[in-house]
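Letter by letter, the chains look like this.
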Amino acid sequence: MATLPQVKQFSDRVGRIEVSATMAVVAEAAKLKAGGADLVEFGAGEPHFSTPQHIKDAAIAAIQQNCTRYTAVPGIPELRQAIVKRHAADFGSDYKPEEAIASTGGKLALFNAIQVLVDHGDEVILPVPYWVSFKDIIEYGGGKCVYVQTDESEGFRLTPETIERKMTPRTRAIILNSPNNPSGAVMAPEDFTAILRLAHKRGIYVIADECYVYLNYTGKDFSAGSVIDAREHLVIAGSLSKTYAMTGWRLGYALGPAAVVGAMAKLQSQSTSSTAHMIQKAGVAALTGPQQCVAEMKAEYIRLRDLTLNLLHKIPGITCVKPEGAFYVYPNISAYLGKPGINSAGDVGKRLLHEAHVVTVPGEAFGTREHIRLSYATSAEEIKRGVERMQAWFAKSS
Ligand SMILES: Cc1ncc(COP(=O)(O)O)c(C=O)c1O
């Protein structure tokens, strides 16, 4: 009998990527939890707050009003208007509604932006540490990640000079994420501006991930969108997930040149179409309604950051750069590498999970080998409980 030809199972495209490491940690933790383990969870990157009531009310009203059908792919006009107005009011940008697109989460906005800009063999400059999904989204599109190291001793600072050194004729885009996940680093506005102008001069796109732009603790709020003279080569990806505690609603957006936004809408028209109508209405309520909730959550994150840092500093050998934004700390655990059974940050993460029942994400997911990431978007009690467990575990391991 003739043997059947060997058929590959999946596309090369999907073979180039891995499951999101943070999602993998969440899944592993969920298994332990289902088995009855009492975990302290510093893993997932999401606010512990509930979505503000007026946003929930808007969604419920929208359902009652039958906002239950397809909408235009880039979003209802009201939402596109609300996105650009909010951004202009907060950061001095000057986008028009046709330069805005709403997406199913900021992640899809980033995915679409990268897919429409990056071709096979194009280089994309990616500062390290990086948010876990960038590498895979770039590689899925056939792009090549060109990593740029940041200086931990200077708070993970990224300078225009280090970026410029990595530019080649094949450079297509630069990813900037400030405030940064996982390090919490916030780029100095002058460094950010210099990189935007440098890229614009060379016809290279900057994709600015502003998912945490409202969680900037430096007192100097800044968006790339305020650098009007470089906007021709700038795509901003924003999200309502963290700003308004709306991770599960899946609402994000992009701002950029109308042609880029149009290409993103074309791609989106062949995948998810618009994000859900009632969610868009909730987004309008979030962006046009009272912003006090954002300030209150931010104030609480600052308190939780300080508490987490104070407690972590009590663990001998662990050092931690003070994060200036987002809701993560990124302690350096290199003092423990080489101790029995600890050869990598991955080992630390795994053993903390199984032996101390503390969920963290190992630095390998973010491109560094000497760190673990903790999200402090949880209660003060959980932070105390979790870091105490960590302290006991590290004491046993030294
Ligand atoms: C740096 C960064 N960018 C983008 C996202 C995507 O957020 P969402 O898709 O929920 O809007 C996240 C989520 O964790 C993030 O940390």
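This section reports on the structure supplied with the text. (Residues numbered from 1 in each chain as written. Predicted model: local features only at pLDDT ≥ 70, side-chain atom pairs only at ≥ 80, totals over all residues. Heavy atoms only, no water.)

Comments concerning the sheet that holds strand E6 (residues 205-209)
Logical step 1: Reading across from one edge, E2-E8-E7-E6-E5-E3-E4 is the order of the seven strands in this open sheet, with mixed pairing throughout. On the outer flanks of this sheet lie strand E2 (100-103) and strand E4 (144-149), each paired with one strand and no other. Strand-to-strand, the axes of this sheet are offset by a mean angle of 20 degrees, without reference to chain direction.
Logical step 2: Pairing geometry for strand E3 (residues 123-128) and strand E5 (residues 171-177), over three bridges, is parallel. If you follow Glu123 over to E5, its bridge partner there is Thr171.
Logical step 3: Seen against the sheet, helix H5 (residues 106-117) touches E2, E5, E6, strand E7 (234-239) and strand E8 (252-255) and runs at an angle of roughly 160 degrees to E7.
Logical step 4: Strands in contact with helix H9 (residues 258-269) are E2, E6, E7 and E8; relative to E2, the strand with the most contacts, it is inclined by about 30 degrees. (Pairing = 2+ DSSP bridges. Helix = DSSP H or I, 4+ residues; strand = E, 2+ residues; numbered from the N terminus. Axes fitted to C-alpha atoms, helices over the stretch in contact; angles between N-to-C directions. Contact = heavy atoms within 4.5 Å.)

Quick look at the sheet that holds strand E11 (residues 361-362)
Logical step 1: An order of E9-E12-E11 is seen for the three strands of this open sheet, with the pairing classed as antiparallel. Among the strands making up the open sheet, the edge pair consists of strand E9 (328-329) and E11.
Logical step 2: Where E9 and strand E12 (residues 372-375) come together, two bridges link them in antiparallel fashion. Residue pairing across strands places Tyr328 opposite Ser375, the latter belonging to E12.

Considerations on the environment of His371
Logical step 1: Assignment of secondary structure puts His371 in the loop between E11 and E12.
Logical step 2: A relative accessible area of 4% places His371 in the buried class.
Logical step 3: Note: C-alpha distance between His371 and Ala245 (126 residues apart in sequence) is 26 Å.
Logical step 4: Those residues within four positions of His371 in sequence are excluded, and the remaining contacts are Glu152, Phe156, Tyr330, Pro331, Asn332, Ile333, Ala345, Pro362 and Gly363.
Logical step 5: In this structure the side chain of His371 is engaged in a polar contact, spanning 2.9 Å, whose partner is the side chain of Thr368. (Buried < 20%, exposed > 50% of the residue type's maximum accessible area, 1.4 Å probe, protein only. Polar contact = N/O pair within 3.5 Å; in protein donor to acceptor, adjacent residues only side chain to side chain.)

A few points about the pattern of salt bridges
Logical step 1: Going through the model one piece at a time under the given rule, you end up with 20 salt bridges.
Logical step 2: As a salt-bridge pair, Lys281 and Glu78 come within 3.0 Å of each other at their nearest N and O atoms. Of the two residues, Lys281 is situated in helix H10 (residues 277-288) and Glu78 in helix H4 (residues 77-91); the sequence distance between them amounts to 203 residues.
Logical step 3: In this structure, a network of salt bridges that share partners links the residues Asp38, Glu382, Arg385 and Arg389. (Salt bridge = Lys/Arg side-chain N within 4 Å of Asp/Glu carboxyl O.)

Notes on H4
Logical step 1: An ideal rise of 1.5 Å per residue puts 21 Å on 15 residues; H4 measures up with 21 Å between its terminal C-alpha atoms.
Logical step 2: Among the residues of H4, those classed as buried are Leu79, Arg80, Ala82, Ile83, Val84, Arg86, His87 and Phe91.
Logical step 3: A positive phi of about 75 degrees marks Gly92, the residue just after H4. (Expected span 1.5 Å × (residues − 1).)

A closer look at the site of the ligand
Logical step 1: Among the 14 residues in the neighbourhood of the ligand, the closest are listed as Gly106, Asp209, Ser239, Ser241 and Lys242.
Logical step 2: Gly106 places a main-chain nitrogen or oxygen 2.6 Å from an oxygen atom of the ligand.
Logical step 3: The separation between an oxygen atom of the ligand and a polar main-chain atom of Lys107 is 2.9 Å.
Logical step 4: The fraction of the free accessible surface of the ligand (400 Å²) that becomes covered by protein chains is 91%.
Logical step 5: It is H5 that provides the largest number of residues to the shell around the ligand, a total of three residues.
Logical step 6: Partitioned by chemical class, the residues of the shell around the ligand number four nonpolar, six polar and four charged. (Near = heavy atom within 4 Å. Areas by Shrake-Rupley, 256 points an atom, 1.4 Å probe, with all protein chains shown as cover. Nonpolar A, V, L, I, M, F, W, Y, C, P; charged D, E, K, R; others polar.)

What to know about the layout of surface pockets
Logical step 1: Quantified by volume, the largest pocket comes out at close to 580 Å³.
Logical step 2: For the largest pocket, the lining is made up of 27 residues, of which Met23, Gly45, Lys107, Trp131 and Lys242 are closest to its centre.
Logical step 3: Of all elements in the fold, only helix H2 (21-34), H5, helix H6 (132-140) and E7 reach the threshold of two or more residues within the lining of the largest pocket.
Logical step 4: By volume, the second largest pocket amounts to about 440 Å³.
Logical step 5: Every residue lining the second largest pocket is counted, 30 residues in all, and those nearest its centre are Gly155, Phe156, Ala185, Val186 and Met187.
Logical step 6: Of all the elements in the fold, those that place two or more residues in the lining of the second largest pocket are E3, E5 and helix H8 (189-202).
Logical step 7: Tallied by class, residues from the lining of the second largest pocket come to 17 nonpolar, seven polar and six charged. (1 Å grid on protein atoms, 1.4 Å probe; cavity = no way out; pocket = protein on both sides within 12 Å on 5 of 7 lines; lining within 4 Å. Points joined across faces, edges and corners; volume = space filled by probe spheres on them.)

What to know about the packing of helix H3 (residues 53-64) against H10
Each packed pair of helices is defined by two parameters, the angle between the axes and the distance between the axes.
Logical step 1: Orientation of H3 relative to H10, taken along the N-to-C sense of each, is 145 degrees, at an axis distance of 8 Å. Where H3 crosses over H10, the two elements pack in a sense that is right-handed. In contact with His54, Ile55, Ala58, Ala59, Ala62 and Ile63 of H3, H10 contributes Met278, Lys281, Ala282, Ala285 and Ala286.
Logical step 2: Within the contact of H3 with H10, the residues separate by chemical class into nine nonpolar, one polar and one charged. (Left-handed = near helix turned anticlockwise from the far one by under 90°.)

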